[in-house]
Amino acid sequence: MKISSNGRMCSFCGRDDANGTQFSGELGALICGDCVERYHNILAAPSAPTSTVTADPWQSMSTEQLLATLPLISRSSAQTSDFLITSVGVLRSRKASWAKIGRSLGVSRQAAWERFHRNYEEAPAPVEVLAAESVEQAEPVE
Ligand SMILES: [Zn+2]
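Nothing here was measured: the structure is a model prediction, and the numbers come from that model. (Residues numbered from 1 in each chain as written. Predicted model: local features only at pLDDT ≥ 70, side-chain atom pairs only at ≥ 80, totals over all residues.)

Novice: Account for the environment of Val36, naming residues and giving values.
Specialist: As for its position among the elements, Val36 is in helix H1 (residues 33-44). For Val36, a count of 14 C-beta atoms within 10 Å gives the class partly exposed. Residues Val36 and Ser24, 12 residues apart in the sequence, show an inter-C-alpha distance of 8.9 Å. Once residues within four sequence positions are removed from consideration, Val36 is found in contact with Ser24 and Ile31. (Helix = DSSP H or I, 4+ residues; strand = E, 2+ residues; numbered from the N terminus. Buried ≥ 20, exposed ≤ 12 C-beta atoms within 10 Å, placed from the backbone. Contact = placed C-beta atoms within 7 Å.)

Novice: Which residues make up helix H4 (residues 98-105), and what values go with them?
Specialist: Where H4 is concerned, the buried positions are Trp98, Ala99, Ile101 and Gly102. Seen from one end, H4 has its buried residues packed into an arc of 165°, which puts them on one side. Positioned one or two residues after H4, Gly106 has a phi angle of 75°, which is positive. (Arc of directions from axis to C-beta.)

Given below as structure tokens:
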């Protein structure tokens, strides 16, 4: 899925969209064209060393190298969190209940509401959420 690059970054190398970089991705992870090519070459190499697949990359990094990655990891995490917030917002605009959203995330409807409701203009009190969705609770689990 091609994704708008406005304010985005590659989840693999940290490149931002300053130079018109385009991204592909899903589930909150984005990848730039250079990384697609790089990882394609790694995976397509007939003699790819297995250590590149099994070793955690941070194990071979110096402390300074690892420290330098922290801001990128933090930005990538925030970007993924934004995707989650946006997805929940789309579901709410489609009238998906907090109970359904909570079930999808493996949490209660109250926990889902508490985690996400501040991101949207809607902000019913918890008691109203419980009352409005109480009918749904009697529905069979999908
Ligand atoms: Zn990249």
